[in-house]
Structures are given as C-alpha cells and as structure tokens.
Amino acid sequence: MALIAIAADKGSPGVTTAAVALAAVWPRRVLLAEADPAGGDLVYRSAAAHGGPLNPNTGMLSIAATARRGLVPDQLWDHVQPLSGGLEVLVGLGIAEHAAGLAGLWPTLGHAFAALADSPNAPADVIADCGRISGDTPAVEMFPHAALVLLVSRTEPEALARVRDRAAALAQKLHGGPRGAAALATPLIGVILIADPSGAGKLVNQVNDMLVHAQTGARVVGTIADDPAGADQLAGRKRGRLDKSLLIRSARKVTADLHQQYGAAWSVPTQAPHAGAGR
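Now for a quick tour of the structure. Worth saying up front: this structure is predicted, and the values here are computed from it rather than measured.

Before going further, it helps to examine the overall build of the protein. Per the secondary structure count, the protein includes eight helices and eight strands. Reported as C-alpha extents along the three principal axes, the dimensions of the protein are approximately 45 × 45 × 35 Å. For the protein, buried positions account for 54% of its 279 residues. Summarising the internal contacts of the protein: among those between residues at least 6 apart in sequence, 76% fall at separations of at least 24. Per element, the accessible surface of the protein, about 11,800 Å² overall, is 52% carbon and sulfur. Placing the 24 positive and 23 negative side-chain charges of the protein at their respective mean positions leaves the two points 4 Å apart.

What follows is the structure, encoded as structure tokens:
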C-alpha cells in the first residue's frame, strides 16, 4: 500500500503547495486527494484539463454517498478530475460544514486510498492533503492506513516546537507511545521542512536531534524550498519554467529520496507518467 498523508499542526506552512508539488513529480501514477475536513483549495486556484474550472461537486463531496454503501478502491476514479497538466485530483470539500457528510467514513476512505495501490485495473499511490490537524481532526482516522504521515513545518522556533509536539502526539495515538530512533513503526511519521535551501542541511540535523530527544520516532525526510514564485507558478498565478523552479527541484529530490528508502515496499506496477510538472 502507498497512502501518503500530508498535514500540519498550525498556521499555513504550505501543506497544499507541498502536496501538489510532490504529486506533480511523483515517479508513478498518483492520485492527489484533498482530504482536509476544513475544505479544499484547488477548486479556487487550479484549472481543469479542459481549461475551465474544476467541478466542486465532484470529489470528496460526491464520494460521501458512495462510501456509505461501501467503497471499492477503483470507485475513487469515478470522482476524480484531471488538472491542467494531467495531475489527477479528488477535489476537496467546499466548506467545513460539508465534512458532516463524511462523518464516520474517514477510516473507509483511508482503507480505499491505501488499497488503490493493489488495484488490478488502475493502481496508484495516493497523496492526501489533510490540512491542519489537531487531536479531534477526523482526517487523522485515515492515518493508521498510511505508509507515511508527513508533517509540514516552517522553520521558526515556534513552528518547530509545534511539529515536535504534534509528532509526539501522533506517535502516542498511532504507535501506542514514544519511540526512539531505533524503534520506528508504521506508519512512519516524517517531517518536511519548508526552508531556504542554503541552510537546509544544518537545520535538518538540528531538527532531527530535537525529534530524537523527544522520542517522537519521527525524523526529517526532506526539505522543500521556500519559493513563493514557484508556488505561484504551480498554482497558475504566474508564468515561468515551473520545472526549473526551486520548489519543483526540491520536491523532486524529496520524492526520489522517499522512493529510494521505501519504494521496495510500494510494489505498484509502473504506469505511464502523467503530464505533471517537470515531465
């Protein structure tokens, strides 16, 4: 299975931008799911493949009725829309109030997302943008089905303290307690830092030391460049060579590292690559 859940603790560190960037350069077929109970952003910032707007009613909202009758992983594709560029997306809820329609269904969604990798017809990894999470965020109910839970954080001291504490809380919830660096458990909890590339190496070591000292079992799996211009290009707000941006170059490095370390466990047959960024 290969469900990768991406989330943040507080603020706006760039979860959606990170999720889209990673999905755009993912080396296999991938479905990007906007699984934020507070609502999705892509319907406002991205165009559909036909050049018009995305349909806000086709995605997480439309899948709610289907999931109540049981959800076969391949049924996910009935609710997917392609973005301009080819990335396949399960569009998020319009507003937070719509999350009531998914009450009790988050574990079902998590299982379907994870099982999509084993589909005999259209296998794919799933990257789920879960937005900001707290102790009672229902999207956390998908996490036991994930291969990786990635927490996105900026590098201000308060942001790093929050991601440390959130990682520790998730370790307690998912693994039953704190773990040292030699006692990793599934799903692996990783941290992605949004950082200036020039000082990223030293920062990664410092944050890893902090995570180990707190016995979170988490570690930094990579850094994505703090690149506002690249983020605007990714969202279609600015023209430019997106594949040459620091954002996409750093996202490509993160995906390569993830697949080098964990790809053997993600035995999805190779698919034709989508026409995402950098393709």
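For the rest of this paragraph, the subject is the side chain of Thr216. With respect to the element layout, Thr216 can be found in the loop between α6 (200–213) and β8 (219–225). With a relative accessible area of 0%, Thr216 lands in the buried category.

We note that Gln215 has phi near 55°; this positive angle belongs to a residue other than glycine. Inspection of the secondary structure assignment puts Gln215 in the loop between α6 and β8.

Our focus in this paragraph is the sheet that holds strand β6 (residues 148–153). Within the open sheet, the eight strands sit side by side as β3-β4-β2-β5-β1-β6-β7-β8. Their pairing is mixed. Unpaired on one side and paired on the other, β3 (81–82) and β8 mark the two borders of the sheet. Sheet topology places strand β2 (residues 30–34) next to strand β5 (residues 125–132); five bridges connect them, and they run parallel. Along β5, the bridge assignment pairs Ala33 with Ala128. Across the sheet, helix α5 (residues 157–175) touches β6 and β7 (188–195), and the angle it forms with β6 is around 160°. Against the sheet, α6 engages β7 and β8, with an angle of about 150° to β8.

Reading the values: rules and limits
Residues numbered from 1 in each chain as written. Predicted model: local features only at pLDDT ≥ 70, side-chain atom pairs only at ≥ 80, totals over all residues. Heavy atoms only, no water. Helix = DSSP H or I, 4+ residues; strand = E, 2+ residues; numbered from the N terminus. Buried < 20%, exposed > 50% of the residue type's maximum accessible area, 1.4 Å probe, protein only. Contact = heavy atoms within 4.5 Å. Areas by Shrake-Rupley, 256 points an atom, 1.4 Å probe, with all protein chains shown as cover. Lys, Arg positive; Asp, Glu negative; His and termini not counted. Charge placed at Lys NZ, Arg CZ, Asp CG, Glu CD. Pairing = 2+ DSSP bridges. Axes fitted to C-alpha atoms, helices over the stretch in contact; angles between N-to-C directions.

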